[in-house]
Amino acid sequence: MRINFVAFFLLFTIMHVSASVHAQKITLSIDKAPLKTALKEIEKQSGFEVWYNNNILKDTKPVTIKISGDLKTILDKVFTDQPLTYEIVDKTIVIKRKQVSVVEKITKFIKSIKITGIVTDEKGNPLSGVTVKLKGTNTTVSTGIDGKYTIEVPDENSILQFSYVGFLTEEVAVRDKTNVTVSLKVSVSQLDQFQVIGYGTTTQRKNTGSVISIKATTIEKQPVSNPLATLEGLVPGMFVTQTNGLPGSNINVQIRGRNSIQQGSDPLYLIDGIPYGSDNLAQNSLISANSPFNNLSTSDIESIEILKDADATAIYGSRGANGVVMITTKKAKSGKMTLDASLYQGFGKVTRTLSMMDTKDYIAMRKEAFKNDNVEATTQNAYDLLAWDNTRYTDWEQLLIGGTAHATNAQMRFNAGSEFARISIGTNYYRETTAFPGDHANNRITAFLKGGHTSTDRKFNVDVSVNYASEKSNLMRQTLTNYISLSPNAPRLYTDNGKLNWAENGFSFSNPMGQLLEQYNGLTDRLTTQSDLSYILFPGLILKGSLGYNTMKYDEKTILPIAAQNPDNDPVGSSAVGVSTNKTLIAEPQIEYTSSFSKAHEIKILLGATWQTSKNTKILTRASGFTNDDFLNYISASTAPVINTVNGFNQYNYQAVFARLGYSYRDKYLVNLTGRRDGSSRFGNNKQFANFGAVGAAWLFSNEPFLKQIAPLISYAKIRASYGVT
């Protein structure tokens, strides 16, 4: 009896569930919604519980339906053309994958199409590890070290998706093609943008070292002539200070603090891989307004990278001890013919000045001072009170630094290129004046020619650039700001006949207008040539080589005429002529190997060597004793018995070998080993070779499941550590 009762109960339950399935009416109206949304609505209206694994919903199609009916009718309609099916057990709807029969599998295999191809970057270099996916399925393959892949697709309506870290995802319809070659474009994501590091590139996401990148879009917006000025306030921990407010003034940069008193703490500056000296070449100027970086147009810069920690700088050995500033200029690019031109004009004024006393307050202050000291005022100790006009007032700040500085920046760039050849040519003109009285300005003109070629098999690539800059400055040797503290009732600047006035009632003063009669002219010529060559021996192995030459010449002339000096001192004229040159030649061969295996491991090996020689010469000739200002341009006209000539020569030789080993596991665990052996003529005797190295590691854990559970909105999180000796 008990068995019959159980059987009766089960039969009753099944009949009841079947009746409820067919009896209950459901209304479903959705448009292009995910299948998950449709299932939730069915669960809500039917009272049945829907069971499924989230993973099986990945390849489902959106649902568009408008229907009313019983539960089974609705479910049949929803799962039409879906790779899933369902089963109703009691009050539960279980979702599962459809079982494909052997006949269907064979039919699908016979009808499938074999697609082959290669995936490259925009320069034609093969990309390994690119994911090639058949859209709408879980079918994926990866490209090999040569960028090639092979994948099976069911029919000509299939769509292939190509995705790779740091690049934009591309979709290509198969149609009637059996070979699909794709060129991926670099992703615009800030984390996946190319970031220049020592002898290579990476991305911010994968970088184990401390590198800060400033892109052209940021640099071009700043109205400055010196590219180093664009770094101010943009790099944490780096101090950028301008020595004065004059055009072309020197800029001091400290990345790791002040490490030396005599040798300075300037970082290593590289322009397209060529060492660039930061020393001021002027020998007879007192205002430090001849920065070598003023010869570089900001509109010609692609990016500036700041290498800070040991992992980033150890690749440069002893030269990178104070950090590295890498300036990359724009190169010729493939694409449509373009002509870019821009013109900028601006002005500047001194906006913050000292609050100085007028003549009334000044006289009262001076008298009070004598009274407090119980000292009697005489013409010898108070000539400004007793010999000079106490009603005269001169606003020295307004007169000397109250002018308007004007700036003009005009540039033009032409670029044209095909898939295999490219060329770019352009010029830039920059002029900036000062807030001082007089016609003093800094003028610069630059020109460049850049070209590149890629072989038809995309194995050989060469980029060549030639940059020329000429800068002319006629700024004063000294600044007029030293004179803003003159007495407000100081004598007139000029006599009635228009000559400089140096005294009143027999008491002289320093006339600041004498500085305007001094002549200082500086002319800088800079020529930089650079070439990069690379050849792919086989996929993953690349031979590279770079050759660079930089020469800079600075001619300066200083003239101090008799008219610029107080005649009471029996002055004589003097002049000085100086020539400074700096020449650098560098060659760096390299070999780079990249390999990916097991779809999880990637290894990069870089080996290279450096050979560099630099020569600096300085000649400065001074002559005085000129009794006539008309002969100041002729050194031989000097009546002085001795003409002082100072010669200087310095040669620097440098050789090194370096290596870098990078390893990543699933793009999450990163290790970077760097080593370099330097040989330098600047090292001490018997110690001309030294070793430098660093290790950097990082864990990119933003995609770890535990982090997603704790903070699902975090898109990027990384722990980085480095240690080394530079």
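Just above sits the structure.
Residues numbered from 1 in each chain as written. Predicted model: local features only at pLDDT ≥ 70, side-chain atom pairs only at ≥ 80, totals over all residues. Heavy atoms only, no water.

Trainee: So, the packing of aromatic side chains: which residues are in play, and what are the values?
Mentor: Counted according to the given criterion, the structure contains 13 aromatic pairs. A centroid spacing of 6.2 Å and a plane angle of 40° characterise the contact between tyrosine 652 and tyrosine 654, whose relative ring orientation is tilted. Tyrosine 654 gets classed as buried once you look at its relative accessible area, which sits at 0%. For the ring pair tyrosine 665 and tyrosine 669, a centre distance of 6.1 Å and an interplane angle of 20° mean the geometry is stacked. On the basis of relative accessible area, tyrosine 669 is assigned to the partly exposed category, the value being 33%. An aromatic cluster of three or more residues is present, and its members are Tyr383, Trp388, Phe507 and Phe509. Seen from the ring of phenylalanine 448, lysine 450 lies directly overhead, with NZ or CZ sitting 5.4 Å from the centre. (Phe/Tyr/Trp six-rings, centres within 6.5 Å; stacked < 30°, edge-to-face > 60°. Buried < 20%, exposed > 50% of the residue type's maximum accessible area, 1.4 Å probe, protein only. Lys NZ or Arg CZ within 6 Å of the ring centre and 35° of its normal.)

Trainee: Lay out the pairing of strand β34 (residues 669-680) with the relevant residues and their values.
Mentor: Of the pairings in the sheet, the one linking strand β33 (residues 644-665) to β34 comprises 12 bridges and is antiparallel in character. Among the inter-strand pairings, alanine 659 is bridged to a residue of β34, identified as glycine 675. The antiparallel hairpin formed by β33 and β34 contains three residues in its connecting segment, where arginine 666 sits at a positive phi of about 55°. For β34 and strand β35 (residues 689-700), the ladder comprises 11 bridges, and the chain directions are antiparallel. Bridge assignment links glycine 675 to a residue of β35, and that residue is glycine 693. (Pairing = 2+ DSSP bridges. Helix = DSSP H or I, 4+ residues; strand = E, 2+ residues; numbered from the N terminus.)

Trainee: Could you give an account of the pairing of β33, with specific residues and numbers?
Mentor: The pairing of strand β32 (residues 601-626) with β33 spans 22 bridges and is antiparallel. The residue bridging tryptophan 611 from the neighbouring strand is glutamine 655, located in β33.

Trainee: Give a description of the pattern of salt bridges that names residues and reports values.
Mentor: One pass over the full model with this rule turns up 18 salt bridges. In this structure, the salt-bridge partner of glutamate 302 is lysine 333, at a minimum N-O distance of 3.9 Å. You can see glutamate 302 sitting in strand β20 (residues 301-307) and its partner lysine 333 sitting in the loop between β21 (324-329) and β22 (335-348), a full 31 residues away along the chain. Lysine 553 is the salt-bridge partner of aspartate 555, the closest N and O atoms lying 4.0 Å from each other. Relative accessible area serves as the criterion here: at 23%, aspartate 555 is assigned to the partly exposed category. A residue is classified by how much of its surface remains accessible, and lysine 553, at 37% relative accessible area, is partly exposed. Residues joined by salt bridges that share partners form a network here, namely Asp300, Arg413 and Lys450. (Salt bridge = Lys/Arg side-chain N within 4 Å of Asp/Glu carboxyl O.)

Trainee: Describe the side chain of serine 595, with residues and values.
Mentor: Its location among the elements puts serine 595 in strand β31 (residues 573-597). Classification of serine 595 by relative accessible area gives buried; the value is 12%. Setting aside chain neighbours within four positions, we find serine 595 in contact with Ile145, His601, Glu602 and Ile603. (Contact = heavy atoms within 4.5 Å.)

Trainee: Account for the environment of alanine 332, with residues named and values stated.
Mentor: Here alanine 332 is to be found in the loop between β21 and β22. Placed 269 residues apart in sequence, alanine 332 and histidine 601 show a C-alpha to C-alpha distance of 34 Å.

Trainee: Tell me about helix α7 (residues 359-373), residues and numbers included.
Mentor: Its 15 residues give α7 an end-to-end C-alpha distance of 21 Å, which sits within 8% of 21 Å, the value for a rise of 1.5 Å per residue. Looking only at α7, the buried set comprises Thr359, Tyr362, Ile363 and Phe370. Taken around the axis of α7, the buried residues stretch over an arc of 100°, which confines them to a single face. Across from the buried face of α7, at angles greater than 90 degrees, the exposed residues are Lys360, Lys371 and Asn372. Its buried side turned inward, α7 meets α8 (383-386). (Expected span 1.5 Å × (residues − 1). Arc of directions from axis to C-beta.)

Fair warning: the whole summary comes from geometry, so function is off the table for now.
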